[in-house]
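Structural features, examined
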Amino acid sequence: MATPAEYFENADINEVPVPDWSHLDVTSPSLNPTVKLEWDQIYINHEEGNITKENDHTAAEIEALRLSFAAKVDEKEFPPAVRYRGKEYARPWELIYGYGRSEALRELQTKGWFFTNLEGTEDALEDVQAQENEMLPKRVNEEVDMRKFLILKVTDGKIEKTEAAIRAKFKKVYPYRRKETINRVVPQVLKELGVKLPYILYTSKSKVGDWITNHSKEEYVIGEKFDHERNMYGVQMKEGYDWRVVMNAMQTYAETGKKTYVICHCGAPTKAANFSNKRKKIVDRFDHWENVYTKLGLDVWPVVLMGALPQDRKNENLKVLVPMGDTAKVVLEDTDGLENEFNASDEYAAA
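The residue numbers shown here count from 1 along each chain, following its written sequence. Reporting of local features is limited, given that this is a predicted model, to residues whose pLDDT is at least 70; pairs of side-chain atoms are given and counted only at 80 or more, and all residues count toward the totals for whole chains, interfaces and linings. Remark: hydrogens and water are excluded; side-chain values derive from all non-hydrogen atoms of the structure.

Observations regarding the pattern of salt bridges
The condition that has to hold: By definition here, a salt bridge exists when the distance from a side-chain nitrogen of Lys or Arg to a carboxyl oxygen of Asp or Glu is within 4 Å. Accessibility here uses a 1.4 Å probe with only protein chains present; expressed as a share of the type maximum, an area under 20% marks a residue as buried, one over 50% as exposed, and anything in between as partly exposed.
Applying the stated criterion to the full structure yields 23 salt bridges. Between aspartate 227 and arginine 230 there is a salt bridge, with its nearest N and O atoms 2.8 Å apart. We note that aspartate 227, like arginine 230, is buried. A single network of salt bridges, built from pairs that share partners, joins Glu122, Asp123, Glu126, Asp127, Lys153, Asp156, Lys158 and Lys169.

Thoughts on the nonpolar core
Convention followed: Residues belong to one nonpolar core when they are buried, are Ala, Val, Leu, Ile, Met, Phe, Trp, Tyr or Cys, and are joined through side-chain atoms within 4.5 Å. Here a helix means four or more residues in a row that DSSP labels H or I, a strand means two or more in a row labelled E, and each is numbered from the N terminus.
Counting 43 residues, the largest nonpolar core has Ile166, Val262 and Phe286 as the members making the most contacts within it. Taken together, the elements giving at least two residues each to this core come down to α5 (143-155), α6 (163-173), α7 (179-192), β7 (232-238), α9 (242-256), β8 (260-265), α10 (275-295) and β9 (303-308). The leading source of residues in this core is α10, at six residues. Judged by nonpolar contacts, the second largest core, of 20 residues, contains Ala2, Phe8, Val82 and Phe114.

Some points on the confidence of the model for the protein chain
Which entries qualify depends on this criterion: The predictor's confidence in any single residue is recorded as pLDDT, a number from 0 to 100. Whether two residues are in contact is decided by their heavy atoms, any of which lying within 4.5 Å being enough.
The share of residues in the protein chain with pLDDT of 70 or more is 86%, and the mean pLDDT across the chain is 85. When the criterion is pLDDT under 50, residues 327-351 qualifies, and its contacts beyond four places in sequence or with other chains add up to 97 contacts.

Concerning the packing of α5 against α7
In plain terms, the rule: An axis is simply a line fitted to the C-alpha atoms; with a helix, the fit covers only the stretch in contact. Between two such axes, the angle follows the N-to-C directions and lies from 0 to 180 degrees. In these notes the angle categories are as follows: under 35 degrees is roughly parallel, over 145 is roughly antiparallel, 65 to 115 is roughly perpendicular, and the rest is oblique. For any helix crossing, the convention is left-handed if the near helix is rotated counterclockwise from the far helix by under a right angle, and right-handed if that rotation is clockwise.
Interhelical geometry of α5 versus α7 gives an angle of 50° and a closest axis separation of 10 Å. When the axis of α5 is compared with that of α7, the two are oblique. Here α5 runs over α7; the crossing is right-handed. Residues Glu143, Met146, Arg147, Leu150 and Ile151 of α5 touch α7, and the partners they reach there are Thr181, Arg184, Val185, Gln188, Val189 and Glu192.

Structural notes on the packing of aromatic side chains
Rules: Put simply, two rings from Phe, Tyr or Trp (the six-membered ring, in Trp's case) pair if the centres are within 6.5 Å, and we call them stacked under 30 degrees between planes, edge-to-face over 60, tilted for the rest. Lysine NZ or arginine CZ positioned within 6 Å of the ring centre and within 35 degrees of the ring normal marks a charge as sitting over the ring.
Applying the stated rule across the entire model yields 13 aromatic pairs. When the ring of phenylalanine 149 is compared with that of tyrosine 174, the centres are 6.1 Å apart and the planes differ by 80°; the resulting orientation is edge-to-face. In this pair, phenylalanine 149 sits in helix α5 while tyrosine 174 sits in the loop between α6 and α7, placing the two residues 25 residues apart along the sequence. Each member of the pair, phenylalanine 149 as well as tyrosine 174, carries the same accessibility label: buried. Within the aromatic cluster, the residues linked to one another by ring pairs are Tyr7, Phe8, Phe69, Trp113 and Phe114. In this structure, arginine 85 packs its charged tip against the face of tyrosine 89, placed 4.0 Å from the ring centre. Across the ring face of tyrosine 261, the terminal group of arginine 230 is positioned such that the distance to the ring centre comes to 5.7 Å.

Details of the layout of surface pockets
Gaps between atoms show up when a probe of the same size as a water molecule is rolled over them. Threshold: A 1.4 Å probe that fits but cannot get out identifies a cavity on a 1 Å grid over protein atoms alone, an open set with protein on both sides within 12 Å along at least five of seven lines counts as a pocket, and a residue lines either if it has an atom within 4 Å of a point. Grid points are joined across faces, edges and corners, and a volume is the space filled by probe spheres set on the points. Ten residues, namely Ala, Val, Leu, Ile, Met, Phe, Trp, Tyr, Cys and Pro, are considered nonpolar, four, namely Asp, Glu, Lys and Arg, are considered charged, and the remaining ones, Gly among them, are considered polar.
Here the largest pocket is characterised by a volume of approximately 740 Å³. As for the largest pocket, its lining consists of 28 residues, and the residues nearest its centre are Lys179, Gly267, Ala268, Thr270 and Lys278. Counted by class, the lining of the largest pocket contains 10 nonpolar, four polar and 14 charged residues. Size it by volume and the second largest pocket reaches roughly 380 Å³. Around the second largest pocket sit 20 residues that line it, and Tyr199, Ile200, Leu201, Lys207 and Arg313 are the ones nearest its centre. Among the elements that make up the lining of the second largest pocket, the one with the highest residue count is α7 (five residues). Looking at the lining of the second largest pocket residue by residue, the classes come out as 10 nonpolar, four polar and six charged.

Regarding the state of the cysteines
Short version of the rule: A pair of cysteine sulfur atoms is labelled a disulfide when the two atoms are within 2.5 Å.
Following the criterion strictly, the structure yields zero disulfides and no others. Distance from the sulfur of cysteine 264, which forms no disulfide, to the nearest cysteine sulfur (cysteine 266) is 7.5 Å.

Brief notes about empty space enclosed by the protein
Taken as a whole and judged by the stated rule, the model has two cavities of 30 Å³ or more. The calculated volume of the second largest cavity comes to roughly 100 Å³. What lines the second largest cavity is simply Tyr7, Val16, Phe69, Val73, Asp74, Glu75, Glu77, Phe78, Pro79, Pro80, Arg101 and Trp113. For the lining of the second largest cavity, a count of residues per class yields eight nonpolar, no polar and four charged.

Here it is, written out as C-alpha coordinates:
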(Lines give C-alpha, C1' and ligand atoms only; values in the text may rest on other atoms or scores of the structure.)
Protein backbone atom coordinates (compact mmCIF):
# COMPACT_ATOMS: atom_id res chain seq x y z
CA MET A 1 0.00 0.00 0.00
CA ALA A 2 1.15 3.55 -0.78
CA THR A 3 2.05 6.40 1.55
CA PRO A 4 -0.33 9.40 1.47
CA ALA A 5 2.00 11.43 -0.77
CA GLU A 6 2.49 8.53 -3.18
CA TYR A 7 -1.21 7.82 -3.29
CA PHE A 8 -2.12 11.43 -4.06
CA GLU A 9 0.44 11.65 -6.85
CA ASN A 10 -0.06 8.28 -8.49
CA ALA A 11 -3.48 6.78 -7.72
CA ASP A 12 -5.91 6.25 -10.61
CA ILE A 13 -8.93 8.45 -9.88
CA ASN A 14 -11.18 5.91 -11.60
CA GLU A 15 -10.13 3.25 -9.09
CA VAL A 16 -11.08 5.29 -6.01
CA PRO A 17 -14.12 3.64 -4.34
CA VAL A 18 -17.41 5.56 -4.66
CA PRO A 19 -20.12 5.12 -1.99
CA ASP A 20 -23.79 4.90 -2.92
CA TRP A 21 -25.96 7.45 -1.09
CA SER A 22 -28.94 7.21 -3.42
CA HIS A 23 -31.14 5.86 -0.60
CA LEU A 24 -30.73 9.30 1.03
CA ASP A 25 -31.42 11.11 -2.26
CA VAL A 26 -27.77 12.10 -2.76
CA THR A 27 -25.87 11.13 -5.92
CA SER A 28 -22.49 11.56 -7.56
CA PRO A 29 -22.09 12.70 -11.20
CA SER A 30 -21.53 9.68 -13.42
CA LEU A 31 -18.72 11.40 -15.36
CA ASN A 32 -16.72 12.56 -12.34
CA PRO A 33 -17.94 10.86 -9.13
CA THR A 34 -14.49 11.43 -7.61
CA VAL A 35 -12.48 14.66 -7.73
CA LYS A 36 -8.79 15.27 -6.99
CA LEU A 37 -8.43 18.55 -5.12
CA GLU A 38 -5.75 20.51 -3.34
CA TRP A 39 -6.54 21.79 0.12
CA ASP A 40 -6.74 25.46 -0.89
CA GLN A 41 -9.70 24.59 -3.15
CA ILE A 42 -11.82 23.31 -0.27
CA TYR A 43 -13.90 25.29 2.24
CA ILE A 44 -13.67 23.46 5.59
CA ASN A 45 -15.93 24.90 8.29
CA HIS A 46 -15.61 22.90 11.50
CA GLU A 47 -18.01 25.15 13.44
CA GLU A 48 -20.94 25.18 11.02
CA GLY A 49 -20.17 22.64 8.33
CA ASN A 50 -20.44 19.45 10.34
CA ILE A 51 -23.71 20.06 12.14
CA THR A 52 -24.30 16.40 12.98
CA LYS A 53 -21.54 16.31 15.59
CA GLU A 54 -21.95 17.77 19.05
CA ASN A 55 -18.19 17.89 19.68
CA ASP A 56 -15.17 18.16 17.39
CA HIS A 57 -12.56 15.43 17.12
CA THR A 58 -10.15 15.33 20.03
CA ALA A 59 -6.42 15.78 19.58
CA ALA A 60 -5.96 12.10 20.40
CA GLU A 61 -8.40 11.08 17.65
CA ILE A 62 -6.61 13.24 15.08
CA GLU A 63 -3.25 11.82 16.09
CA ALA A 64 -4.58 8.27 15.77
CA LEU A 65 -5.84 9.06 12.27
CA ARG A 66 -2.54 10.72 11.34
CA LEU A 67 -0.56 7.68 12.43
CA SER A 68 -2.93 5.39 10.56
CA PHE A 69 -2.49 7.32 7.31
CA ALA A 70 1.26 7.71 7.82
CA ALA A 71 1.68 3.95 7.88
CA LYS A 72 -0.31 3.28 4.71
CA VAL A 73 -3.39 4.28 2.74
CA ASP A 74 -6.23 1.77 2.57
CA GLU A 75 -7.14 2.06 -1.10
CA LYS A 76 -10.41 0.18 -0.57
CA GLU A 77 -11.76 2.74 1.88
CA PHE A 78 -14.18 5.46 0.75
CA PRO A 79 -12.58 8.92 0.74
CA PRO A 80 -13.97 12.10 2.34
CA ALA A 81 -16.68 13.93 0.38
CA VAL A 82 -17.29 17.43 -0.98
CA ARG A 83 -19.93 19.35 -2.87
CA TYR A 84 -19.37 21.98 -5.55
CA ARG A 85 -20.73 25.32 -4.33
CA GLY A 86 -19.77 27.56 -7.27
CA LYS A 87 -16.90 29.14 -9.17
CA GLU A 88 -17.68 32.50 -7.61
CA TYR A 89 -16.05 31.30 -4.39
CA ALA A 90 -12.29 31.42 -3.80
CA ARG A 91 -12.68 27.89 -2.45
CA PRO A 92 -15.37 26.46 -4.74
CA TRP A 93 -15.65 23.08 -3.01
CA GLU A 94 -17.10 22.50 0.46
CA LEU A 95 -16.24 19.55 2.69
CA ILE A 96 -19.30 17.46 3.58
CA TYR A 97 -17.76 14.69 5.64
CA GLY A 98 -14.30 13.45 6.51
CA TYR A 99 -13.35 16.34 8.81
CA GLY A 100 -11.09 14.21 10.98
CA ARG A 101 -9.39 12.51 8.04
CA SER A 102 -8.88 15.83 6.23
CA GLU A 103 -7.30 17.32 9.33
CA ALA A 104 -5.00 14.33 9.79
CA LEU A 105 -3.95 14.33 6.11
CA ARG A 106 -3.08 18.02 6.27
CA GLU A 107 -0.97 17.31 9.35
CA LEU A 108 0.98 14.91 7.10
CA GLN A 109 1.72 17.81 4.73
CA THR A 110 -0.20 16.34 1.78
CA LYS A 111 -0.97 18.71 -1.11
CA GLY A 112 -4.56 17.52 -1.32
CA TRP A 113 -6.67 14.38 -1.58
CA PHE A 114 -9.36 12.49 -3.46
CA PHE A 115 -12.98 13.26 -2.61
CA THR A 116 -16.37 11.83 -3.48
CA ASN A 117 -18.33 14.47 -5.40
CA LEU A 118 -21.83 14.73 -3.92
CA GLU A 119 -24.98 16.35 -5.26
CA GLY A 120 -28.19 16.80 -3.27
CA THR A 121 -30.32 19.16 -1.23
CA GLU A 122 -29.02 20.64 2.01
CA ASP A 123 -31.35 18.37 3.97
CA ALA A 124 -30.20 15.26 2.11
CA LEU A 125 -26.51 16.12 2.48
CA GLU A 126 -26.99 16.55 6.22
CA ASP A 127 -28.53 13.08 6.31
CA VAL A 128 -25.43 11.73 4.57
CA GLN A 129 -23.17 13.51 7.07
CA ALA A 130 -24.97 11.76 9.91
CA GLN A 131 -25.11 8.30 8.35
CA GLU A 132 -21.50 8.30 7.11
CA ASN A 133 -20.34 7.98 10.70
CA GLU A 134 -22.49 4.88 11.08
CA MET A 135 -20.70 3.08 8.24
CA LEU A 136 -17.08 4.06 8.69
CA PRO A 137 -15.13 3.19 11.84
CA LYS A 138 -13.65 6.68 12.12
CA ARG A 139 -15.87 7.99 14.84
CA VAL A 140 -19.19 6.37 15.65
CA ASN A 141 -22.15 8.64 16.33
CA GLU A 142 -23.01 9.06 19.97
CA GLU A 143 -26.57 9.59 21.10
CA VAL A 144 -25.84 13.23 21.85
CA ASP A 145 -24.93 13.65 18.17
CA MET A 146 -28.17 12.01 17.09
CA ARG A 147 -30.23 14.29 19.31
CA LYS A 148 -28.44 17.37 18.01
CA PHE A 149 -28.97 16.30 14.41
CA LEU A 150 -32.69 15.55 14.85
CA ILE A 151 -33.38 18.74 16.81
CA LEU A 152 -31.71 20.81 14.08
CA LYS A 153 -33.87 19.10 11.46
CA VAL A 154 -36.96 20.23 13.36
CA THR A 155 -35.81 23.73 14.23
CA ASP A 156 -34.65 24.33 10.65
CA GLY A 157 -38.11 23.32 9.42
CA LYS A 158 -36.85 20.30 7.46
CA ILE A 159 -39.09 17.85 9.31
CA GLU A 160 -42.24 18.31 11.38
CA LYS A 161 -42.15 18.52 15.17
CA THR A 162 -43.90 15.20 15.59
CA GLU A 163 -42.83 11.82 16.87
CA ALA A 164 -43.67 10.19 13.54
CA ALA A 165 -41.49 12.59 11.54
CA ILE A 166 -38.57 12.32 13.96
CA ARG A 167 -38.75 8.53 14.04
CA ALA A 168 -38.88 8.39 10.24
CA LYS A 169 -35.77 10.56 9.94
CA PHE A 170 -33.95 8.48 12.59
CA LYS A 171 -34.71 5.22 10.76
CA LYS A 172 -33.63 6.71 7.45
CA VAL A 173 -30.30 8.03 8.71
CA TYR A 174 -29.47 5.42 11.36
CA PRO A 175 -31.00 2.23 9.91
CA TYR A 176 -28.74 -0.19 11.78
CA ARG A 177 -29.36 1.10 15.28
CA ARG A 178 -31.20 -1.08 17.77
CA LYS A 179 -34.77 -0.34 18.81
CA GLU A 180 -33.51 0.45 22.29
CA THR A 181 -31.51 3.34 20.87
CA ILE A 182 -34.36 4.93 18.93
CA ASN A 183 -36.63 4.46 21.95
CA ARG A 184 -34.16 6.43 24.07
CA VAL A 185 -33.23 9.14 21.55
CA VAL A 186 -36.65 10.07 20.14
CA PRO A 187 -38.31 10.75 23.53
CA GLN A 188 -35.29 12.83 24.55
CA VAL A 189 -35.55 14.88 21.35
CA LEU A 190 -39.28 15.41 21.86
CA LYS A 191 -38.68 16.43 25.47
CA GLU A 192 -36.07 19.01 24.44
CA LEU A 193 -38.52 20.31 21.84
CA GLY A 194 -41.29 20.54 24.43
CA VAL A 195 -43.36 17.70 22.98
CA LYS A 196 -44.73 15.07 25.34
CA LEU A 197 -45.07 11.52 24.04
CA PRO A 198 -48.65 10.21 24.16
CA TYR A 199 -47.37 6.93 25.58
CA ILE A 200 -44.88 5.60 28.13
CA LEU A 201 -41.87 3.42 27.32
CA TYR A 202 -40.35 1.32 30.09
CA THR A 203 -36.67 1.37 29.21
CA SER A 204 -35.31 -0.49 32.23
CA LYS A 205 -36.19 -2.69 35.17
CA SER A 206 -35.68 0.36 37.37
CA LYS A 207 -38.37 2.29 35.50
CA VAL A 208 -40.79 -0.61 35.95
CA GLY A 209 -39.92 -0.55 39.64
CA ASP A 210 -40.64 3.18 39.75
CA TRP A 211 -44.13 2.56 38.34
CA ILE A 212 -44.81 -0.06 41.01
CA THR A 213 -43.55 2.22 43.78
CA ASN A 214 -45.04 5.52 42.66
CA HIS A 215 -48.20 4.70 40.74
CA SER A 216 -49.52 1.17 41.08
CA LYS A 217 -52.49 0.53 43.37
CA GLU A 218 -51.18 -3.00 43.90
CA GLU A 219 -47.81 -4.20 45.11
CA TYR A 220 -45.86 -6.37 42.68
CA VAL A 221 -42.48 -8.04 42.72
CA ILE A 222 -40.14 -8.14 39.70
CA GLY A 223 -36.59 -9.23 38.93
CA GLU A 224 -37.31 -12.94 39.62
CA LYS A 225 -37.86 -12.23 43.30
CA PHE A 226 -40.42 -14.07 45.40
CA ASP A 227 -43.84 -12.54 46.06
CA HIS A 228 -44.91 -13.96 49.42
CA GLU A 229 -48.47 -12.63 49.13
CA ARG A 230 -49.11 -14.35 45.79
CA ASN A 231 -46.85 -17.33 46.47
CA MET A 232 -45.11 -16.87 43.12
CA TYR A 233 -42.00 -15.35 41.63
CA GLY A 234 -42.41 -12.13 39.64
CA VAL A 235 -40.68 -10.89 36.51
CA GLN A 236 -40.97 -8.00 34.08
CA MET A 237 -40.85 -8.70 30.33
CA LYS A 238 -40.69 -6.68 27.15
CA GLU A 239 -42.44 -8.07 24.08
CA GLY A 240 -40.30 -10.58 22.23
CA TYR A 241 -38.68 -12.18 25.28
CA ASP A 242 -41.43 -14.73 26.01
CA TRP A 243 -39.17 -17.69 25.23
CA ARG A 244 -36.69 -16.61 27.90
CA VAL A 245 -39.43 -16.17 30.48
CA VAL A 246 -40.80 -19.63 29.72
CA MET A 247 -37.39 -21.29 30.10
CA ASN A 248 -36.65 -19.54 33.37
CA ALA A 249 -40.16 -20.14 34.74
CA MET A 250 -39.91 -23.90 34.05
CA GLN A 251 -36.53 -24.06 35.75
CA THR A 252 -37.87 -22.11 38.73
CA TYR A 253 -40.87 -24.41 39.05
CA ALA A 254 -38.69 -27.51 38.80
CA GLU A 255 -36.42 -26.18 41.57
CA THR A 256 -39.00 -24.61 43.89
CA GLY A 257 -42.48 -25.79 42.93
CA LYS A 258 -43.52 -22.14 42.52
CA LYS A 259 -44.98 -20.49 39.43
CA THR A 260 -43.78 -17.22 37.87
CA TYR A 261 -46.05 -14.29 37.12
CA VAL A 262 -45.20 -11.93 34.29
CA ILE A 263 -45.74 -8.18 33.97
CA CYS A 264 -45.35 -7.21 30.31
CA HIS A 265 -44.64 -4.05 28.36
CA CYS A 266 -44.20 -3.13 24.69
CA GLY A 267 -42.05 -0.97 22.48
CA ALA A 268 -43.42 2.10 20.72
CA PRO A 269 -46.63 1.55 18.73
CA THR A 270 -46.54 1.71 14.94
CA LYS A 271 -49.11 2.06 12.17
CA ALA A 272 -49.12 -1.70 11.80
CA ALA A 273 -49.25 -2.56 15.50
CA ASN A 274 -50.84 -0.58 18.34
CA PHE A 275 -50.58 -1.60 21.98
CA SER A 276 -53.63 -3.86 21.74
CA ASN A 277 -52.10 -5.73 18.79
CA LYS A 278 -48.77 -6.05 20.54
CA ARG A 279 -50.34 -7.36 23.75
CA LYS A 280 -52.44 -9.87 21.86
CA LYS A 281 -49.28 -11.16 20.22
CA ILE A 282 -47.71 -11.63 23.66
CA VAL A 283 -50.72 -13.68 24.79
CA ASP A 284 -50.61 -15.71 21.58
CA ARG A 285 -46.92 -16.45 22.07
CA PHE A 286 -47.44 -17.73 25.62
CA ASP A 287 -50.42 -19.82 24.43
CA HIS A 288 -48.15 -21.25 21.74
CA TRP A 289 -45.48 -22.27 24.23
CA GLU A 290 -48.06 -23.77 26.58
CA ASN A 291 -49.50 -25.90 23.76
CA VAL A 292 -46.02 -27.01 22.69
CA TYR A 293 -44.95 -28.17 26.15
CA THR A 294 -48.34 -29.69 26.97
CA LYS A 295 -47.98 -31.92 23.91
CA LEU A 296 -44.55 -32.91 25.18
CA GLY A 297 -46.05 -34.05 28.48
CA LEU A 298 -45.87 -30.96 30.69
CA ASP A 299 -48.74 -31.21 33.19
CA VAL A 300 -48.30 -27.88 35.01
CA TRP A 301 -47.93 -24.58 33.14
CA PRO A 302 -45.70 -22.44 35.37
CA VAL A 303 -46.36 -19.05 33.76
CA VAL A 304 -49.09 -16.62 34.85
CA LEU A 305 -49.72 -13.46 32.82
CA MET A 306 -50.49 -10.78 35.34
CA GLY A 307 -51.13 -8.12 32.71
CA ALA A 308 -49.47 -5.26 30.88
CA LEU A 309 -47.96 -2.08 32.22
CA PRO A 310 -50.11 0.93 31.28
CA GLN A 311 -48.53 2.83 28.38
CA ASP A 312 -51.26 4.83 26.63
CA ARG A 313 -51.43 8.09 28.61
CA LYS A 314 -54.84 9.08 27.25
CA ASN A 315 -56.78 5.84 27.26
CA GLU A 316 -55.33 3.74 30.08
CA ASN A 317 -55.47 3.99 33.86
CA LEU A 318 -51.86 4.57 34.84
CA LYS A 319 -52.43 3.06 38.30
CA VAL A 320 -53.39 -0.48 37.29
CA LEU A 321 -52.14 -3.19 34.98
CA VAL A 322 -53.92 -3.64 31.68
CA PRO A 323 -55.75 -7.01 31.42
CA MET A 324 -54.50 -9.29 28.65
CA GLY A 325 -56.86 -11.62 26.78
CA ASP A 326 -58.38 -14.59 28.57
CA THR A 327 -55.73 -14.34 31.25
CA ALA A 328 -57.00 -10.95 32.37
CA LYS A 329 -58.09 -12.37 35.69
CA VAL A 330 -56.30 -15.15 37.51
CA VAL A 331 -57.55 -16.95 40.57
CA LEU A 332 -54.89 -18.56 42.71
CA GLU A 333 -54.80 -20.12 46.12
CA ASP A 334 -52.47 -18.45 48.55
CA THR A 335 -50.48 -20.28 51.18
CA ASP A 336 -53.41 -20.12 53.66
CA GLY A 337 -55.80 -21.75 51.19
CA LEU A 338 -57.66 -18.50 50.52
CA GLU A 339 -58.37 -17.35 46.98
CA ASN A 340 -56.87 -14.09 45.72
CA GLU A 341 -58.23 -12.59 42.52
CA PHE A 342 -56.08 -9.96 40.84
CA ASN A 343 -55.64 -8.30 37.49
CA ALA A 344 -53.00 -9.67 35.12
CA SER A 345 -49.91 -7.60 34.03
CA ASP A 346 -46.61 -7.63 31.90
CA GLU A 347 -42.70 -7.24 31.35
CA TYR A 348 -39.14 -8.96 31.18
CA ALA A 349 -36.65 -7.26 28.82
CA ALA A 350 -36.69 -3.82 30.37
CA ALA A 351 -34.01 -5.46 32.39
